[in-house]
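Fold and geometry: a report
The chain contents come next:
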Amino acid sequence: MIRPSRALFPLLATALLAAGCSDDTPSNAPVAKPVDPTAATDAAPEPAIDAGPAAAPLYRELRDFLVACDNGRHCEAIGVADDARFGLTLRLARDAGPDGAQRLHLGTYDGRMDAATLQLDGQASEPLRSLPWRSDVDTGALVLDDPAAIAHFIATVRNGARLSTGAGNARTDVSLSGLAAALLLVDEQQQRLDTPGAWARPGERSEAAVPPSPSLPRLPPAPAPQPSLTGEEVRTFADRVRETQAERLRALDCDAPRDAYDIRRHDDAHTLDADHVLVFVACYSGACQTSSVAFRVARDDGAGAPLELPAPPGLAAVAPDQGFAMLTNAGYVPATGTLSHLAKGRGLGDCGEAATWRYDGQAFHLASYSALRRCGGAAPGDWPSLWRTAD
């Protein structure tokens, strides 16, 4: 079953950020080596491969496409503009394993799609229009779930330059440059090259050679929730941190409280455990989006230290290399020990990143991470998954 890429975290706030974000640096995350096709025979089927531990996530841009695979080898090949315009977004998603569910999603930021207007390189394409498309009830996007139909779509467009829909001023398109390379990378990452179901290079190698989704990490339980802080306690802890961590806040160029605008109104604090408090000190604040520095503070003497939060491994080109020294729209739910971060690349929400962590009484563990660095009109918050857990 296809896992949704949209980051649906109950405590992530809706926010605006005018500045765009784009990172074209290719990821150094390792890619699974393709299996030698000469090893396949017409004899007995190959035994199923053990799933093994969680895989290394991957995020890589290939011309006008990007490939995002999480630690469970759920992969997406996404064609989306990177110039802030509103074109089509083409997403091909696939779960790991020999029978991993597939989905093709073709949509725009704010409009309903009509398969009858599909064109390939400016020409009407009956092979595309006749596919068994269904319309997504929420977004109006065109969707294919049938593997045979998706394979037919790929065969039809893989050598094309642009896929478009509509006419006149309503016409939108997506570049197909990089599609073939993106599909090949997905096949490599999921170790399905030269099998009948491969997207880029199908062959006769047994589907049994494709490993299932690897085991995902499990999170330790959260500590029993403690009584909530009063408003006065929140202010006391936040002011204490501002005083003791003033040098660090200056080094981060955080806004200082001013008479015209007191940024301290965005400070917050929550009980972590019997001995510690989590304090968010607001650093910057925009129209509806605030970035904060998080501290773990001792209840007895108010001594605090910056929170250390792990990032997904192997994703230096995508995840912050400073280990999330700053959190945007930070939130914490003591009942579940869940800390969240949501940063839109711009107010539309078509690009950005989201993450959650769980506190176990001693440290925070990464629970989820999703990101999309190309701002070209994808659905709001619909960013591909790069890390998930079994919980």
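Residues numbered from 1 in each chain as written. Predicted model: local features only at pLDDT ≥ 70, side-chain atom pairs only at ≥ 80, totals over all residues. Heavy atoms only, no water.

Attention shifts here to the pairing of strand β12 (residues 268–271). Two elements, β12 and strand β13 (residues 276–285), share 4 bridges in a ladder whose sense is antiparallel. Within the sheet, the bridge partner assigned to alanine 269 lies in β13 and is valine 279. Counting the residues in the hairpin turn of β12 and β13 gives 4 residues. (Pairing = 2+ DSSP bridges. Helix = DSSP H or I, 4+ residues; strand = E, 2+ residues; numbered from the N terminus.)

So, about helix α3 (residues 179–189). In terms of burial, α3 is largely enclosed, as 8 of its 11 residues are buried. Among all positions in α3, only Leu179, Ala182, Leu183, Leu185, Val186, Asp187, Glu188 and Gln189 are buried. At its buried positions, α3 is contacted by β1 (58–62), β2 (65–69), β3 (75–79), β4 (89–94) and α2 (147–157). Just beyond α3, the residue with positive phi is glutamine 191, at close to 60 degrees. (Buried < 20%, exposed > 50% of the residue type's maximum accessible area, 1.4 Å probe, protein only. Contact = heavy atoms within 4.5 Å.)

By way of backbone hydrogen bonds, the strands of a sheet pair with one another, either parallel or antiparallel. Strand order across the open sheet formed by 5 strands is β17-β18-β19-β20-β21, with antiparallel pairing between neighbours. Of all the strands in the sheet, the pair left with one neighbour each is β17 (331–333) and β21 (385–387). Ignoring which end each strand starts from, the neighbouring axes of this sheet average 15 degrees apart. As judged from the 2 bridges shared by strand β20 (residues 364–372) and β21, these two strands associate in the antiparallel manner. Along β21, the bridge assignment pairs serine 370 with serine 385. (Axes fitted to C-alpha atoms, helices over the stretch in contact; angles between N-to-C directions.)

What follows concerns the sheet that holds strand β8 (residues 134–135). Read from one edge of the open sheet, 7 strands run β1-β2-β3-β4-β5-β9-β8, paired in antiparallel fashion. Looking along the sheet, the strands with just one partner apiece sit at the ends: β1 and β8. Of the strand pairs in this sheet, β8 and strand β9 (residues 142–144) are connected by 2 bridges, and their pairing is antiparallel. What sits directly across from serine 135, in β9, is leucine 142. Set on the sheet, α2 makes contact with β4, β5 (102–107) and β9; between it and β5 the angle comes to about 55 degrees.

What follows is about the nonpolar core. Across soluble globular proteins, nonpolar side chains have a tendency to be buried as a group. Counting residues in each nonpolar core, the largest one holds 36 residues, and the members touching the most others are Leu92, Leu104, Leu106, Trp133 and Phe153. Mapped onto this core, the elements with two or more residues apiece are β1, β2, β3, β4, β5, β9, α2 and α3. Other than its neighbours up to four places away in sequence, phenylalanine 153 contacts Leu90, Leu104, Leu128, Leu131, Trp133, Leu144 and Leu163. Membership of the second largest hydrophobic core comes to 31 residues, among which are Val80, Leu278, Phe324 and Tyr332. (Core = buried A, V, L, I, M, F, W, Y, C linked by side-chain atoms within 4.5 Å.)

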